[in-house]
Structure formats: C-alpha cells, structure tokens
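One-letter residues, chain by chain:
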Amino acid sequence: MAVRMARGRAVRTAVWTAALLTSTMIAGVPAAFAQSESATTVDEVIVTAQKRDENLQDVPIQVQALTTEKLDQLGVSDFNDYVQYLPAVSYQTVAPGFSQVYMRGVASGGDGNHSGSLPSVGIYLDEQPITTIQGALDIDVYDMARVESLSGPQGTLYGASSQAGTIRLITNKPDPSGFDAAVDLELNSVDHGEMGGSAEGFINVPLMENAALRVVGWYRHDGGFIDNVFGTRTYPTSGATIDNANRVEDDYNPVDVWGGRAALRVELNDDWAITPQIMGQVTDTSGIFAYDPNVGDLEVTHFYPESSHDQFYQAALTIEGKLFDWDMIYAGSYLNRRDEVEQDYSDYSYFYDQCCGYGSYWYDDAYITLDNPSQYIQGRDRYRRQTHEIRLSDSDGALRWVVGAFYQRTQHNIEQRYRIDGLASVLEVPGWDDTLWLTEQLRIDQDRAIFGEVTYDLTDRVAITGGLRFFQYDNQLEGFFGFGSGYSGSTGVAACFAGPLDTTPKAPCTNVNKGIAESGYTHRVNMTYKIDEDKMVYATWSTGFRPGGVNRRGTLPPYSSDFLTNFEFGWKTTWLNGSLRWNGAIYHERWENFQFSILGTQGLTEIKNAAQANVDGLETDVIWRPVAGLTLTGGLALTDARLSENYCGFLDASGNPATVCPSPLAPSGTQLPTTPRVKGNLTARYEWSLGEYDAHVQGAVVYVGETWTDLRTYERSIIGQQPDYWTADFTAGVDRGEWTLELFLKNAFDERANVYRYAECAEAVCGAQTYIVPVRPRTFGIRLGRTF
C-alpha cells in the first residue's frame, strides 16, 4: 500500500509541477530552444471538434488530430494501430471489433456485456455515432481525413456516450474539383505466425462541376500467431478424459477484413449541398487472440470451436445549407450490425466440476452425471440504430453560437446459448437442444436531447463560452435469461411470469421486462485568453453523463446515471516562428456514483452505482521541425485515477452505495483499472532528396505503464497486474512521382506486451487460469503505392 500511495503522489506531483512549468514556459521561450535557420513551419490542422471548421490552435479543448498524412506515415490500418498514438485513450480487447474504450482514467472495468453499461467514450464516423455496447465498430481507416481525439466530457455537443471523451473518424469527402485515385498494396510476415497483407484503393470522380463520387475499398488478411496445441482434460466427477486432437492448429487466429465506402456529394447551389454515404465491412476471425502462459508462449489448449463473424453497414445522409444567414446541418444515419461468435467455455466447466461436482445434477430424486460437462458458447447479436441531429449555427462575428436537437434509438437483439453436447433433455432450456443456459432478449436504448453553445468575444483577446444540453433517455430490457426448470427450481424458466413476447418469439417464456427513464442536463463553461497570435490559454468547467439502465436479474434494482465533473486548464502554443507547436492540459475530475459491472451469482452481470473517484492528470503533445526534413512528434498522458471512497459492493439502507464496511472490495485510494499512470509516444521522421527520389526514415516508440484489469482487490490477486511495456516501429522508403515503396518493422523487439488479461472464471474455485492478449508479435513488411 505504501508503494502504491507513493507512486500516486509521484504522479500528482508530476502533474502539478508540469502546471508550474507551463506557466513559466508560456511567459517566454528558454534560450536553449534557439531556432535553426533551416527549421520549417508546422502545418496548420483544421478540425471540427466544435462542429465547425477551426484551426486546431484556436479550439479550447485538448484535441489530438492524426491527419491523412500522419496516418499513412504511421502505417495505421485499424483501431489497435491509431490508439497507440492517443495518450489519453486506453482500452480492453479480446478480439477485433470487441474493444472497450476509455479516456482519462474514467474506467471501472467489466464493461462490454450485452446487458451492461453504455460506453463512456463516444466514437463517431463523421457526424454519426458508431458506438455499441459490446465494442465500437473497428473501421478500416484507409482514406480518412483525420482521427480526432477530444479529451474530457463532451456532453454538451456530443451527448450521453461522450462522458469522458470522444473519438471522431473523419472521412475524405467527394471533391468535384478534380479526379483523384490511389492504390496501396502490402505484404507482411508476423514472427511466430503467418504471412499477411492488404489491398486498398480509392477513386474520386467528378460527375459534373457541382457533383462528385468517392468510392473506397479494402481487403486485409492478418496472419495468425497463436497456436492451439494438444492437451487433455479429465473431469473429476465422471472421470472422463477429453482431448483436442481435432482442433490442434498452428497460427490459430487469422483475421480477414473486407469492406467499402461510397459517398456522393451534390452542391445544389451556392448555399445547399447533400451528401449521402454508405459504408459496410465484414470481419471474420478464427481462434482466440490470447495465450495461456501455463501452456506456453503464444499457445493455448482449447477444445471447442472459436470464431467470430462481424458484419455491418451504415447509411448516412448529411444536408448542409443556409437559413437566412445561419448555417443549417441535418445529419441522419441507420446502422445495422450483426455478429456471431463461438467461444470455448470449458475452463469454467472444469474448475466448477473440480470444486463443486458441477458435472452431476440432482433431478427427480437421482443424480444425472455427464460424461463430458464441457460448455461452449454460441452467440448472436443484432444492432439496429437510427440517429437524427439538426443544428443551426452562426460562426461569424464576436457572437458565435450553435443550437440543435438530437434523437437516437438503438435496438439490440441478444442471443447467447451455453451448450453441452449430449445434455440430458430434462436439463435443457425448453425448445433449445443441448442448451444449459439461454439468453434471448431485446434491449432498447433511446436518447433525446436539445443543446446549445454560445461564444462571445469580450475583447480581441478574451472569449467566454457557455453550453447546455438537456437530455431524456429510456432503457428497456425484455425477454428471457437462465436455465430450464429441470436444472433450477427458482431461476430461468421457473421464474417466468408470462409467455414469449412478440419481440422475443424464440424465448421459452418471459422472466424480465423492465425499464428505466431519467432526464437531466450537462453544461460547459469556458474562458479563453489569447496571449498573442501564437499562444492561447483556456480554463474549462464541464460535465458529462452516462445513462443508467436495467439489471437483468429481477431482484436487483436498476442502476442510475453516473456523472463526471471536469476542471481543466489548457494551452495551445506555437513557438520559434511556427516550427514548434506545444499543446496540453492539466485537469481534475470527479466521477460520482459511477457504474460498476461484475460477474455475480451464476455468472450474471450485475451493475451497481459504486462510489466516488477522483482523477488528476496531464496531457501534452508536441511537434517540432528543428531543421529542414526532420520532424519530431510526441504525446504524453500522466493519469492518477483513484477511488475517493471505499467500494463495499452493496447499497446502504437509503439505497446509496455503501462506503462504510469492515472489508471493502476496493478500499479508498485504489487505482482505477485499465488506465496506466503513464502513457506516451515519440516519433522521429527524416525526409531528404536522393537523386530522383524522395527518401524517408522513421522511428516510433510507444510506452504504456502498468495497469490492472479489475477494481476489486481479490480479483486482482487472481488475474494479476499488466506490466508496463515499450514497443518500437521502424520505417524506411522512397517516393518517385506517383510511386511509393516502403519497408516497415512493427514491434521491432518482439515485446510480449499485455494489452489485456482475463479469466473465464475469476473466482476462488477457478484457480488462476489467466489469459493474456498480447501486442501483435514482430511484423516485417513491404508497402507499394501508386497515385493517379
């Protein structure tokens, strides 16, 4: 405990020391940074973080923007690639397309279950949210204009799922001014695994002087690197031994991704334009993306099928125009996502049989003993979401404002079967062969809001901004979950109070039909001071929220909204005649009654409003071009996120989270999970002329500090801590005219980093069967590209 508190004090000291240094630096540049005569200026970056086009340096929000050029230079293709270079962002993942995203330490662990909390970070594709409960859409980022990371509560302009921050993927738009196209090919080989590669391309075609079509397509194959090796398992109750001989396979976890995007822009006149867009993607995976260190490096011994098929499409329409002298934007979308998963769940079966005789069931005055009680999961999810937003704004003059209205409805059909081959019919869920446990539910989340934000220039240097968002949301969960009546006399079928609903016709009956509705508001107040044309400081007081919801266990009450309050001081500065850009922010956040998900009795997710937490942090990023051809970029986040009260795991007599108990599950001062205290990156790139060629070399280093995956002390002792790690990537290449050739090496030192640790059964009876999701092993490859 003394070491942990000392580290926490060290981070807090670093944060506030940085604040003091910031005020000193902004007052003047040290002589040590005297500018080289050959230095070049940093490019201007236009962002839309405040839902209008602005220079990044004029936006009083901590925003990191990865431009098209930067994404290409870093070799970014998906979420796992770009999140490395966003220091404020952390995540948990078990497979592509199933990642939980967090920002600024606002994480309690355990999210992502289909009946769990909504996300605390909103992810957008252009104007449309693409966040789902089980993970944000993992969209291929080819031909993206920018990835924008907005730290801190964005609840005024972005709403419910932007409690801790927002990530925006901004696509390149159709351009009627001229033809443009490109093709990019890649071939790679992963150490300890297979070959992989990709083929990507886009074409922009002017249809007439006021209309253009842009079409993008991609295919990517990621070679597997986890081996499923031979093994056996003997169940104590029956004495039966099983093996996985028919599932032994090297490079067990390949990934195939293909998709496309098409957008049409028509400028109806000088004031009005419409842009319909459709995008779709399919991701197929096999195997598992974690290894079992008890079996071997990058090895597991699994006995049942493991795969996922994730497909989605999203249709969107944006209308831009003028009403009087005001700008008007309507943005609407429809998302349809289907995923199917298979998962080996035999660890759970084995450990419970070992401790508790799980493989033998009492029925009708006799025991039924299963030769092989191994479970495996088959899951199907379908999401359908529609969103609509309309905004009016005026971005000119001393008074600038935006007002709007938002509506969102998400429908999530959930089906999960826990199967045992040869299960006795008396133990099955009625109508579902070999199914011990069934979830057949419909979840509906609706969100309505009106919002507005006003900025007024008090002087040429001072501006003040105020914003409000009034929201109302509804959460409904209905259908069936549980066992058949032959297995349980009090839950599942035995707890049903009605037959199957029209919305869940495949359910045997209905044992949950609950809802919750709440309303409230969030705000943002900001003051900005421009020291001169190149330097600006700001102070912000803002709030964000996450909607509450329904616990599917009927005896538990619903969980309420949790709120985040943010106090922030930030700076946007440019130095040395434009060759050095240094931005950053320090902040203090209070997270009140936060939602905490755990696996309760019978493995059911339970969500409770836990306690209070405080987060102190610093974020900073820099780009410097000291001499012609050399660019240095870096980012750093220091985060101290801790409980400020005990987490006891139950409610007090008043229905509030209890904070006084003899043995808290997590005592006050416990570090919140998932987020490292330190995360940073540094990239150096040098470009020069080599005869008829333009050449470049680049090195990028990423550091992620140690983290925990769970808030609770006991569960931490089972799963263990994720150690800190470094990774390094290197690139070298040449350009000539329309052609580009590049060699790259990712994770050059083959660091076996822990991205996530988990167990199928994190309980005392389950021992320490821990799985580790690693960073992809060292990968060497070659890229060839051509523009037209």
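Structure shown above.
What this report covers is the structure whose coordinates are included nearby. All chains use their own residue numbering, which begins from 1 and follows the written sequence. In keeping with the model being predicted, local features are shown solely for residues with a pLDDT of at least 70 and side-chain atom pairs are shown and tallied solely at 80 or more, while totals for entire chains, interfaces and linings include all residues. Computation of side-chain values covers all heavy atoms of the structure but excludes hydrogens and water.

**Side note on the packing of aromatic side chains**
Geometry of aromatic contacts follows a simple scheme: Phe, Tyr and Trp rings, the Trp one being its six-membered ring, pair when their centres are within 6.5 Å, and the pair is stacked under 30 degrees between planes, edge-to-face over 60, tilted otherwise. Per the stated rule, a full pass over the model turns up 28 aromatic pairs. Ring centres 4.9 Å apart and planes at 85 degrees place the aromatic pair Phe596 and Tyr647 in the edge-to-face group. With Phe596 in strand 31 (residues 595–599) and Tyr647 in the loop between strand 34 (630–643) and strand 35 (678–690), this residue pair connects regions lying 51 residues apart in the sequence. Given a relative accessible area of 2%, Tyr647 falls into the buried group. An aromatic cluster of at least three residues, connected via ring pairs, comprises Tyr345, Tyr348, Tyr352 and Tyr418. Only lysine NZ and arginine CZ atoms are considered, and such an atom sits over a ring when it is within 6 Å of the ring centre and within 35 degrees of the ring normal. In this arrangement the basic side chain of Arg104 is found over the ring face of Tyr587, its NZ or CZ atom lying 3.9 Å from the centre. Helical segments are the DSSP runs of H or I of at least four residues, strand segments are the runs of E of at least two, and each set is numbered from the N terminus. Residue burial is assigned from relative accessible area. The probe radius is 1.4 Å, only protein chains are included, and a residue is buried under 20% of its type maximum, exposed over 50%, and partly exposed in between.

**So, the state of the cysteines**
The disulfide criterion used throughout: a pair of cysteine sulfur atoms within 2.5 Å. Throughout the structure, instances matching the rule amount to 2 disulfides. Disulfide pairing is shown between Cys496 and Cys509; the S-S distance is 2.0 Å. Between Cys496 and Cys509 the sulfur-sulfur dihedral comes to about 60 degrees; the bridge is accordingly right-handed. One end of the pair, Cys496, is in the loop between strand 26 (462–483) and strand 27 (512–532); the other, Cys509, is in the loop between strand 26 and strand 27, with 13 residues separating them in the sequence. Put simply, Cys648 and Cys661 are joined by a disulfide, and their sulfur atoms are 2.1 Å apart. Residues Cys648 and Cys661 are joined through a disulfide that is left-handed, its torsion about the S-S bond being -90 degrees. In this pair, Cys648 is assigned in the loop between strand 34 and strand 35 and Cys661 in the loop between strand 34 and strand 35, connecting sequence segments 13 residues apart. The two residues Cys648 and Cys661 agree in class, both being buried.

**Some thoughts on the pattern of salt bridges**
Throughout this description, the term salt bridge denotes a Lys or Arg side-chain nitrogen within 4 Å of a carboxyl oxygen of Asp or Glu. Applying the stated rule across the entire model yields 43 salt bridges. The partner of Arg146 in a salt bridge is Glu148, with the nearest N and O atoms 2.8 Å apart. With respect to burial, Arg146 and Glu148 carry one shared label: buried. Among the salt bridges present, the one from Arg265 reaches Glu267, with a minimum N-O distance of 3.6 Å. Each of Lys51, Glu127, Glu389 and Arg391 takes part in salt bridges that share partners, so that together they form one network.

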